[in-house]
Amino acid sequence: MKLLIVRHAQSNGNASRDYSVATHDSLSSDGEEQAGSLAKILTAFTFDKVVVSPLQRAMETLVPYLSATRQKAEIWPEIAEGCWQKEREGPSGSWTSQPDRLSSRFSPHFTFRNNVAIRPSDQETFGEGLCRVHETSGLLLEEANKKTGSLLMVAHGNFNRELLNHLLMTSEPLEFHHDNCGMTSLDFDGEWHLNFLNTAMTFRVC
């Protein structure tokens with residue numbers, strides 16, 4: 001299976017470094033331009049499945065691509081942002097969720113996996129976020145076993161870092177930085193192999 005991981009476009013929070021209000025989760029004007037450019041790039045790929053974080057900035061990033069290709073993406077609450085805390089800890093045995101819903105703006109483009117409308121708690125610990133990382137690894141393995149040929153995942157910088165550390169079984173945690181709309185590609189043939197990391201949006205498929 002081929003996996004393309006994309007970090008969401010620039011949010012208002014990314015632009016201002018102010019994450020104190022709800023509006024930080026929407027895309028900035030630069031982020032909207034990035035999402036439009038990303039849509040054009042992604043049409044060079046063929047994906048059997050598209051999955052996305054339940055957070056607004058991730059879904060807004062995907063809307064131009066989904067509109068252009070008339071696809072629907074599946075929301076995976078497990079891949080919402082997490083593990084942003086500075087102090088690391090081991091994975092918890094479970095994570096806490098809260099109810100979620102799709103606005104009329106997003107409902108034509110997205111569906112909750114198994115129709116379970118949840119997202120992680122806003123007061124999550126590092127360990128709970130890492131629990132979701134491990135669960136995501138299991139979900140990806142399920143997709144590989146279903147013979148999903150290629151999967152697009154739109155998620156978040158800190159989550160992507162921890163997911164890559166887990167999938168690649170690094171001996172020590174590595175940074176795996178992702179710019180807004182940075183793309184990382186992996187192949188799975190029984191184990192995960194990294195093809196490219198945080199490639200700029202100017203990447204083109206020959």
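Everything here concerns the structure above.
Asks: Can you help me understand the environment of Gly157 in this one?
Replies: Mapped onto the fold, Gly157 is located in helix α5 (residues 157-167). Remark: the alpha-carbon pair of Gly157 and Asn180, spanning 23 residues in sequence, is separated by 8.1 Å. Setting aside anything within four residues of it in sequence, one finds Gly157 in contact with Arg7 and Glu81.

Asks: Honestly, unusual backbone geometry in this entry has me stumped. Any pointers?
Replies: Outside of glycine, negative phi angles account for most residues, and trans bonds account for most peptide bonds. Backbone geometry places Arg70, a non-glycine residue, at a positive phi of 55°. By the element assignment, Arg70 lies in the loop between α3 (56-69) and β3 (73-75). Judged by relative accessible area, Arg70 falls into the exposed class, the value being 80%. Phi at Lys147 takes a positive value of approximately 70°, unusual for a residue other than glycine. Of note, Lys147 is situated in the loop between α4 (126-145) and β7 (150-155).

Asks: Before we go on, may I ask you to explain the packing of α4 against α5 in this structure?
Replies: Interhelical geometry of α4 versus α5 gives an angle of 55° and a closest axis separation of 10 Å. Compared by their axis directions, α4 and α5 come out oblique. When the axes of α4 and α5 are compared, the crossing they make is right-handed. Listed contacts from α5 to Phe126, Leu130, Arg132, Val133, His134, Thr136, Ser137 and Leu140 of α4 are Phe159, Arg161, Glu162, Leu163, His166 and Leu167. Each residue belonging to the contact of α4 with α5 can be placed in one class, and the counts come to seven nonpolar, four polar and three charged.

Conventions we followed
Residues numbered from 1 in each chain as written. Predicted model: local features only at pLDDT ≥ 70, side-chain atom pairs only at ≥ 80, totals over all residues. Heavy atoms only, no water. Helix = DSSP H or I, 4+ residues; strand = E, 2+ residues; numbered from the N terminus. Contact = heavy atoms within 4.5 Å. Buried < 20%, exposed > 50% of the residue type's maximum accessible area, 1.4 Å probe, protein only. Axes fitted to C-alpha atoms, helices over the stretch in contact; angles between N-to-C directions. Parallel < 35°, antiparallel > 145°, perpendicular 65-115°, else oblique. Left-handed = near helix turned anticlockwise from the far one by under 90°. Nonpolar A, V, L, I, M, F, W, Y, C, P; charged D, E, K, R; others polar.

Purely geometric stuff here, so don't read any function into it on its own.
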